[in-house]
Amino acid sequence: MSLDGFKPRSAFLRDMTARGHIYQITDPEGLDDYAASEVPTAYIGFDCTAPSLHVGHMVQIMALRRFQQAGGKPIVLMGGGTTKIGDPTDKEKSRPILTVEEIAANMAGIRRAFESYLRFGNGPTDAIMLNNADWLDGLGYIDFLRDYGRHFTINTMIKQETVARRLRNEEPYTFLEFNYMLLQSYDFLELCRKRACRLQMGGSDQWGNIVNGVELCRRVADAHSFGLTTPLITTASGAKMGKTVSGAVWLNADMRSPYEYWQFWRNTEDADVGRFLRLFTDVPVEEIARLEAATGSEINAVKARLADEATTLLHGAAAAAEARAAAEAVFSGGSTGEGMPTFEVSRDKLKDGLLISEALVSAGLCTSKSEARRAIKAASVRLNAETVTDEGALVRESDLDADGLARLSMGRKRHARLKAVQEA
């Protein structure tokens, strides 16, 4: 259903709309009424494919936070069962199959992030965390197919974009993966019946699975439930949110330090600052409107505010303040006790990408490309505080800050600034 002209009345949908969190809703008016009810309940599922969530999951985490702030009860659903299959949505090939032990270890790591964003407990609006293995592991296959499989048609399932794309490209789409959407729909039905949950949220790539769950709740439980998806977040330059030179921006501090996390947000592109403040912080939208009006060098202060707010939410105010102080000291050269040399590179060269190994030599941090490659292999090189592990990694325009600068580091005490210049 189109959201054109939709003016929500509920606090939840008003805030979600104002902050740019909404992409699709199955029944906007109906969900608006439900969100305004006494204590609505919503869930989002998270499969346990890694020992930590990353910045790419933040839109979903913040959606649950917004829901709780508006008086709803959020359910965090751990995919202890569905991870055994692996979500094929938006994937070009099958996910690797994880062992039960690997899934359990990943789940233990993932749990930590939510405690920073949601209030858990036994109160009516306190969040709860469930594991879908608790009901999926006990399903009898024949009974499941007989009771629920008849509500899904192959005609509809193969129209989902992931399936259709795999088939067009003659890529294998296994029967195991084909079952994933049935199990995700069953999760919604289980939570609808047992937890009075009538809203499932997820990324835009989950629309087909969510709609199937809404339909299953209607057919089996005669329940009017709802689906809401959030938009795919990309940067102004088109990069996928959270992808950096060194890989994913993990949320767990043992995989991405508060300093590195702060620096990630500080390096936000100018055009994204206002949008990211709305999506990833609790700064009031009215204040954000004033902040994003900043121009010139003032935008750097707004980026620092974004980094402060985002890091405080995840790691706490003390860690954010410490990270900011450390980042500013390193960038100014104060933490090394020596000046930071600056070398110039033409912007035209950065458009195509400059090998980091070449940049290290130009900066005087390495004497040769072979030395630079060895340093990269040893994880001794950083670009804008991000560890570089790919010998073929490039410095691009998107790595520059508002002043056209990027920082290269060799070890802990050797730093250089790369300055982009426009050739005459």
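The coordinates are above.
Since we're looking at a predicted model, the values are computed, not measured. (Residues numbered from 1 in each chain as written. Predicted model: local features only at pLDDT ≥ 70, side-chain atom pairs only at ≥ 80, totals over all residues. Heavy atoms only, no water.)

A. Up close: the pattern of salt bridges. The full count for this structure, using the stated rule, is 24 salt bridges. Notably, a salt bridge pairs Arg119 with Asp126, separated by 2.7 Å at the nearest N-O pair. A residue is classified by how much of its surface remains accessible, and Arg119, at 41% relative accessible area, is partly exposed. Classification of Asp126 by relative accessible area gives buried; the value is 12%. Here Asp270 ties to Lys303 by a salt bridge, and the two come within 2.7 Å at their closest N and O atoms. With Asp270 in the loop between α12 (258–266) and α13 (273–280) and Lys303 in helix α15 (residues 298–315), the pair connects residues that are 33 residues apart, well separated along the chain. A cluster of three or more residues bridged by salt bridges with shared partners is formed by Arg9, Glu29, Asp32 and Asp33. (Salt bridge = Lys/Arg side-chain N within 4 Å of Asp/Glu carboxyl O. Buried < 20%, exposed > 50% of the residue type's maximum accessible area, 1.4 Å probe, protein only. Helix = DSSP H or I, 4+ residues; strand = E, 2+ residues; numbered from the N terminus.)

B. Quick peek at a nonpolar patch on the surface. Side chains of Tyr141, Ile142, Leu145 and Phe175 sit close together on the surface and give an oily, nonpolar patch of about 440 Å² of accessible area. By residue number, the principal contributor to the nonpolar patch is helix α6 (residues 141–147), which donates three residues. Along the chain, Leu145 falls in helix α6. The partly exposed category is assigned to Leu145, whose relative accessible area is 32%. (Patch = residues over 30% accessible without salt bridge, like charges linked within 9 Å, V, L, I, M, F, W, Y side chains within 5 Å. Areas by Shrake-Rupley, 256 points an atom, 1.4 Å probe, with all protein chains shown as cover.)

C. Region of the structure containing unusual backbone geometry. The phi angle at Glu170 is positive, at roughly 55 degrees, despite the residue not being glycine. Its place among the elements puts Glu170 in the loop between α8 (161–168) and α9 (175–178). Residue classification places Glu170 among the exposed residues on the basis of a relative accessible area of 73%. In the Ramachandran plot, Ala379 falls in the positive-phi region, its phi being about 60 degrees despite a non-glycine side chain. Here Ala379 falls in the partly exposed class, since its relative accessible area comes to 42%.

D. Highlighting α15. An ideal rise of 1.5 Å per residue puts 26 Å on 18 residues; α15 measures up with 26 Å between its terminal C-alpha atoms. Turning to α15, its buried residues number three or more, namely Ile299, Asn300, Val302, Lys303, Ala304, Leu306, Ala307, Asp308, Ala310, Thr311, Leu313 and Leu314. Gly316 sits one or two positions beyond α15 and adopts a positive phi of about 100 degrees. (Expected span 1.5 Å × (residues − 1).)

E. How the structure looks around the side chain of Asn252. Locating Asn252 in the fold gives a position in the loop between β8 (247–248) and α12. Looking at Asn252, the relative accessible area reads 3%, which means it is buried. Non-local contacts of Asn252, meaning those with residues more than four positions away in its chain, are made with Pro51, Ser52, Gly109, Arg112 and Ala113. (Contact = heavy atoms within 4.5 Å.)

F. The arrangement of the nonpolar core in detail. Counting 65 residues, the largest nonpolar core has Leu199, Met201, Leu228 and Trp265 as its most contacted members. Of all the elements, α15 adds the most residues to this core, at eight residues. Other than its neighbours up to four places away in sequence, Met201 contacts Phe12, Ala42, Tyr43, Ile44, Gln60, Ala63, Leu64, Phe67, Ile210 and Leu228. Core analysis: the second largest hydrophobic core is formed by 30 residues, Leu77, Tyr173, Leu183 and Tyr186 among them. (Core = buried A, V, L, I, M, F, W, Y, C linked by side-chain atoms within 4.5 Å.)

G. Summary view of α8. Among the residues making up α8, those that are buried are Thr162, Val163, Ala164, Arg165 and Arg166. In the core, the buried residues of α8 are packed alongside α7 (154–157), α9 and α10 (180–195).

H. Geometry of the packing of aromatic side chains. Considering all chains together, one arrives at 12 aromatic pairs under this definition. Ring centres of Tyr148 and Tyr186 lie 5.0 Å apart, and the angle between their planes is 65 degrees; on these two criteria the pair is classed as edge-to-face. Taken together, the residues span a long stretch of sequence, with Tyr148 in the loop between α6 and α7 and Tyr186 in helix α10 at a distance of 38 residues. Geometrically, the ring pair formed by Trp265 and Phe276 is edge-to-face, given 6.2 Å between the ring centres and 90 degrees between the ring planes. With Trp265 in helix α12 and Phe276 in helix α13, this pair connects stretches of sequence that are 11 residues apart. On the accessibility criterion, Trp265 (0% relative accessible area) is buried. (Phe/Tyr/Trp six-rings, centres within 6.5 Å; stacked < 30°, edge-to-face > 60°.)

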